[in-house]
Amino acid sequence: MSSIFKENEEEIRKREMESLDFTSLLEKGIKTCHLDSDLELLLYDISDAIKESQILLVEAKKGREEAYLIPLLLAYQNTTFFNRFIIATASSTARENIIQKLQQISKLLGVDIPIHVLENERKYICLKRLKGYNQKRKKKLSSSKPNSIKKEEWRKIQVRTCTLSSCSFFKKCKYALAYTSISQKGCSIISHATLIGNRRFLQNSRTHGESDIIIIDEADSFTNNIRDSYQQIMSYDYICNCFSRAKQLLNRTEYSYIENRHFNELQHFFEELSTCERGLHWHSTEELQNSARKLAEISKRILIHLTRQYAVKHFSKETEQFCEMILIIEKFFEDMANQQEYHFQLQEKERSENTPNYRKVQVFYYPKQVNSIIANSLKKVGGSIVFTGNHIAGDNDYQLLINDCGLEEIDKPKVKEFVVK
């Protein structure tokens, strides 16, 4: 968004908030919803954060939902600027609780607001994967009876990557429909991981815009949930399949790049890994790091050739996401070579005795710090950000987030803390 349009939006918001008798509205909301004195103070703090685009850290065990829902609903009803807000939570239980309270309070205040809910992607059935799975079995699984599907079967048909409108099942897919609806006017209730972005799509799938008001509830577990969402597992089979698919796509002579030596280098890399001690405290050898650098360069060149070939063609969403998979593989090898930002843990896959060792080992890795990931995602937010939870005031994770990652520089005048005793 250009700075001119951003300035205009800021002027509209400021003019609306100055002309609006928001204090009177809040007093009416407090009386209507029967808030106690502690929550009244919290409500006014949250209202200030909304008006002044501040970051607010709220520590409150009970009733905090009422304190942030009342000013949000009143701002939504009485201004044109605040037409959407996002509530990010850690659990389905919290989402259901917020929906219930949102419906109750909006009814009391006489506010008509649409509510859009997006669960974790892996709680949805992928209709495309379901069709492929049913083609191989006599007893078909039904998407209309998800509760009857066994856990091991669910893993094979749950949503992992979604091409949204590029998929032929888009109009019937519950995940795709829910994902597209959360960008619409009203209240969007999503997970922590969805707010920041999907690790596989390298932040492209984050759901907030530049002027959204964001409430991060259950903030006690926010950084841990983001860290968990960025976990990756890499194996020889997975990377080999990606390279093989890339080789099929690069079927023209002038773009041909992948050769047998590249697969041999990949095998050599995992053979070296198979000799290392399993677990988190393993030691990388110089030969392993050199091999990782070679494979990072190979992945980078594959990506260049793929984008060069498809630049003159229709670049489909599916091809774009496949390129992102190759990009993630490239980043994996770069991180493996440097071993600075990520923890790498070696695991043993369950295989038969005849399986070669390089196909048994897999790498489970996750970022050492997620503060920079969170800050990079939130830095374009022009609205207020409110973190709420049971124990966050003075929490070290949030001090790092604020002090080291520049949350105070996200066009915010200050960061405030509020504790309900």
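Because the structure is a prediction, the values reported are computed rather than measured. (Residues numbered from 1 in each chain as written. Predicted model: local features only at pLDDT ≥ 70, side-chain atom pairs only at ≥ 80, totals over all residues. Heavy atoms only, no water.)

**Thoughts on the overall build of the protein chain**
- Counting its regular elements, the protein chain contains 16 helices and ten strands.
- Counting every position in the protein chain, which comprises 421 residues, the buried fraction comes to 51%.
- A separation threshold of at least 6 residues defines the contact pool for the protein chain, and within that pool the share at least 24 residues apart is 77%.
- With an accessible surface of roughly 21500 Å², the protein chain has 46% of that area assigned to carbon and sulfur atoms. (Helix = DSSP H or I, 4+ residues; strand = E, 2+ residues; numbered from the N terminus. Buried < 20%, exposed > 50% of the residue type's maximum accessible area, 1.4 Å probe, protein only. Contact = heavy atoms within 4.5 Å. Areas by Shrake-Rupley, 256 points an atom, 1.4 Å probe, with all protein chains shown as cover.)

**Concerning the packing of helix H3 (residues 37–52) against helix H4 (residues 64–78)**
- At their nearest, the axes of H3 and H4 sit 9 Å apart, and the two run at 45° to each other. In terms of axis orientation, H3 runs oblique to H4. Viewed along their axes, H3 and H4 form a crossing whose handedness is right-handed. Along its contact with H3, which presents Leu39, Leu42, Leu43, Ile46, Ser47 and Ile50, the element H4 presents Arg64, Ala67, Tyr68, Ile70, Pro71 and Leu72.
- Partitioning the contact of H3 with H4 into residue classes produces ten nonpolar, one polar and one charged. (Axes fitted to C-alpha atoms, helices over the stretch in contact; angles between N-to-C directions. Parallel < 35°, antiparallel > 145°, perpendicular 65-115°, else oblique. Left-handed = near helix turned anticlockwise from the far one by under 90°. Nonpolar A, V, L, I, M, F, W, Y, C, P; charged D, E, K, R; others polar.)

**Notes on the environment of Ser377**
- As for its position among the elements, Ser377 is in helix H15 (residues 371–378).
- The buried category is assigned to Ser377, whose relative accessible area is 1%.
- Separated by 182 residues in the primary sequence, Ser377 and Leu195 place their C-alpha atoms 8.6 Å from one another.

**What about a positive patch on the surface?**
- On the surface, a cluster of positive charge is contributed by Arg122, Lys151, Arg155 and Arg160.
- A residue is classified by how much of its surface remains accessible, and Arg160, at 30% relative accessible area, is partly exposed. (Patch = residues over 30% accessible without salt bridge, like charges linked within 9 Å, V, L, I, M, F, W, Y side chains within 5 Å. Salt bridge = Lys/Arg side-chain N within 4 Å of Asp/Glu carboxyl O. Lys, Arg positive; Asp, Glu negative; His and termini not counted. Charge placed at Lys NZ, Arg CZ, Asp CG, Glu CD.)

**Re the sheet that holds strand E7 (residues 342–348)**
- Across the sheet, three strands lie side by side as E6-E8-E7; this open sheet has antiparallel pairing. The open sheet has two free edges, formed respectively by strand E6 (232–235) and E7, since each of these has just one partner strand. Each strand axis lies, on average, 25° off the axis of its neighbour in the sheet, ignoring direction.
- Alignment of E6 against strand E8 (residues 361–367), held across four bridges, turns out to be antiparallel. Note that in E8 the partner of Met234 across the bridge is Val363. (Pairing = 2+ DSSP bridges.)

**Brief notes about helix H6 (residues 127–134)**
- Buried within H6 we find Leu127, Leu130, Tyr133 and Asn134. Each buried residue of H6 sits inside an arc of 120° when the element is viewed along its axis, so together they form one side.
- Those residues of H6 that are buried are in contact with helix H7 (151–157). (Arc of directions from axis to C-beta.)

**Observations concerning the pattern of salt bridges**
- For the structure on display, the rule yields eight salt bridges.
- Taking the shortest distance from any N to any O, the salt bridge between Arg359 and Asp237 comes out at 3.0 Å. Of the two residues, Arg359 sits in the loop between E7 and E8 while Asp237 sits in helix H11 (residues 236–249), which places them 122 residues apart along the sequence.
- For Arg359, a relative accessible area of 29% translates into the label partly exposed.
- The exposure class of Asp237 is buried, given its relative accessible area of 16%.
- Glu348 is the salt-bridge partner of Arg278, the closest N and O atoms lying 2.8 Å from each other. Residue Arg278 is found in the loop between helix H12 (260–274) and helix H13 (286–310), and its partner Glu348 is found in strand E7; the two are separated by 70 residues along the sequence.

**Let's talk about the nonpolar core**
- Phe269, Phe332 and Phe333 are the most contacted members of the largest nonpolar core, which has 42 residues in total.
- Elements supplying a minimum of two residues to this core: H11, H12, H13, helix H14 (317–338), E7 and E8.
- Element by element, the count of residues in this core is highest for H14, at nine residues.
- Residues contacting Phe332, with those up to four places away along its chain left out, are Met234, Ile239, Phe269, Phe344, Val363 and Tyr365.
- Listed in part, the 40 residues of the second largest apolar core include Ala60, Phe85, Ile87 and Leu102. (Core = buried A, V, L, I, M, F, W, Y, C linked by side-chain atoms within 4.5 Å.)

**A look at the packing of H11 against H12**
- At a closest axis distance of 11 Å, the pairing of H11 and H12 adopts a crossing angle of 170°. Comparing their axes, H12 and H11 come out roughly antiparallel. Contacts between H11 and H12 involve Tyr236, Ile239, Cys240, Phe243, Ser244 and Lys247 from the first element and Asn260, Phe263, Leu266, Gln267 and Phe270 from the second.
- A class-by-class count of the residues in the contact of H11 with H12 yields seven nonpolar, three polar and one charged.

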